[in-house]
Amino acid sequence: MKLGEGVEAAIHCAAMLAGVDGDATISGAAMAEAFGLSPSYLLKHLNMLSAARILESVSGPAGGYRLARPAERITLLDIVLAVEGREPAFRCGEIRRNGPVRLDASAYVKLCGINVAMLKAERAYRAALAEAKLSDIVAEYMTDADPRSVAAGCAFVARHQRPRKSSSTKQA
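Residues numbered from 1 in each chain as written. Predicted model: local features only at pLDDT ≥ 70, side-chain atom pairs only at ≥ 80, totals over all residues. Heavy atoms only, no water.

## As for the nonpolar core
Phase 1 of the analysis: By size, the foremost hydrophobic cluster in this structure holds 35 residues, and its most contacted members are Leu17, Ile26, Met31, Leu49, Leu55 and Leu67.
Phase 2 of the analysis: Looking at this core, the elements that each hand over two or more residues are helix H1 (5–17), helix H2 (28–35), helix H3 (39–51), strand E2 (64–67), helix H4 (76–84), helix H6 (134–144) and helix H7 (147–160).
Phase 3 of the analysis: Aside from chain neighbours lying at most four places away, what touches Leu17 is Ile26, Met31, Leu55, Tyr65, Arg66 and Leu67. (Core = buried A, V, L, I, M, F, W, Y, C linked by side-chain atoms within 4.5 Å. Buried < 20%, exposed > 50% of the residue type's maximum accessible area, 1.4 Å probe, protein only. Helix = DSSP H or I, 4+ residues; strand = E, 2+ residues; numbered from the N terminus. Contact = heavy atoms within 4.5 Å.)

## A closer look at the pattern of salt bridges
Phase 1 of the analysis: As enumerated under the stated definition, the model contains six salt bridges in all.
Phase 2 of the analysis: In this structure, Glu94 engages Arg97 in a salt bridge whose closest nitrogen and oxygen atoms are separated by 3.3 Å.
Phase 3 of the analysis: Taking the relative accessible area as the measure of exposure, Glu94 reaches 23% and is therefore partly exposed.
Phase 4 of the analysis: Taken together, the shared-partner salt bridges in this structure form one network comprising Glu94, Arg96 and Arg97. (Salt bridge = Lys/Arg side-chain N within 4 Å of Asp/Glu carboxyl O.)

## Some remarks on the environment of Ile26
Phase 1 of the analysis: Looking at the secondary structure, you find Ile26 in the loop between H1 and H2.
Phase 2 of the analysis: For the pair formed by Ile26 and Pro163, sequence separation is 137 residues and the distance between their alpha carbons is 9.0 Å.
Phase 3 of the analysis: Setting aside its immediate chain neighbours within four residues, Ile26 contacts Met16, Leu17, Val20, Met31, Gly64, Tyr65, Val157, His160 and Gln161.

## What to know about H7
Phase 1 of the analysis: Taking 1.5 Å per residue as the helical rise, H7 with its 14 residues ought to reach 20 Å, and the 20 Å between its terminal C-alpha atoms agrees with that figure.
Phase 2 of the analysis: By the burial criterion, the buried members of H7 are Val150, Phe156 and Val157. The buried side chains of H7 occupy one side of the element, clustering within an arc of 130° when seen end-on. For H7, the exposed residues set more than 90 degrees away from the buried face come down to Pro147, Arg148, Ala158 and Arg159.
Phase 3 of the analysis: Where H7 is buried, its residues contact H1, H2 and H6. (Expected span 1.5 Å × (residues − 1). Arc of directions from axis to C-beta.)

## Concerning the side chain of Thr75
Phase 1 of the analysis: Residue placement: Thr75 occurs in the loop between E2 and H4.
Phase 2 of the analysis: Overall, Thr75 belongs to the buried group, its relative accessible area being 13%.
Phase 3 of the analysis: Setting aside its immediate chain neighbours within four residues, Thr75 contacts Leu129, Ala130, Ala132, Lys133 and Leu134.

## A short note on the packing of H1 against H3
Any two packed helices are characterised by the angle at which their axes cross and by the distance between the axes.
Phase 1 of the analysis: For the pair H1 and H3, interaxial distance at closest approach is 10 Å and the crossing angle is 70°. Between H1 and H3, the angle is such that the two are roughly perpendicular. In the crossing of H1 with H3, the sense of the turn from one axis to the other is right-handed. Here Glu5, Gly6, Ala9, Ala10 and Cys13 of H1 lie close against H3, whose contacting residues are Tyr41, Leu42, His45, Leu46 and Leu49.
Phase 2 of the analysis: Partitioned by chemical class, the residues of the contact of H1 with H3 number seven nonpolar, two polar and one charged. (Axes fitted to C-alpha atoms, helices over the stretch in contact; angles between N-to-C directions. Parallel < 35°, antiparallel > 145°, perpendicular 65-115°, else oblique. Left-handed = near helix turned anticlockwise from the far one by under 90°. Nonpolar A, V, L, I, M, F, W, Y, C, P; charged D, E, K, R; others polar.)

## Observations regarding the environment of Asn47
Phase 1 of the analysis: Structurally, the position occupied by Asn47 is in helix H3.
Phase 2 of the analysis: For Asn47, a relative accessible area of 41% translates into the label partly exposed.
Phase 3 of the analysis: Between the C-alpha atom of Asn47 and that of Ala82, which follows or precedes it by 35 residues, the distance is 9.6 Å.

Structural data, given as structure tokens:
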């Protein structure tokens, strides 16, 4: 099964946003820079994640993106479906009914065995992605990755996150 390159970018961006402080944001341009991607290309995928309510897009001077819900409640399946869509990867076109040996519809009462096998594999694949939480991926990276990579990633987030200013200050 081949996923589009946007899936990788979307997962990396969500993982990066899991590291921001509180309700701070990171701009799409900064994330594009971090991963060496075109800002316009990445923006398309960030918008998909926002539409799926995985990310929240914040406007204004401290605007950018942040997770719309805790990383513990975001799975890799959520991200894959946001970018790739909900349709199964395999779509049976019933080509067994075409060609010169075509038979009447009564010969095809049973489901296509190839379709059944492919959809079974898709269910297993999706179940595995549904078990993989963004928070677990980030935690594993933080403990298992090369410390230089972790330090560089954390420093990038610290430099580029945009803290939100509280708009509800009470006066006595």
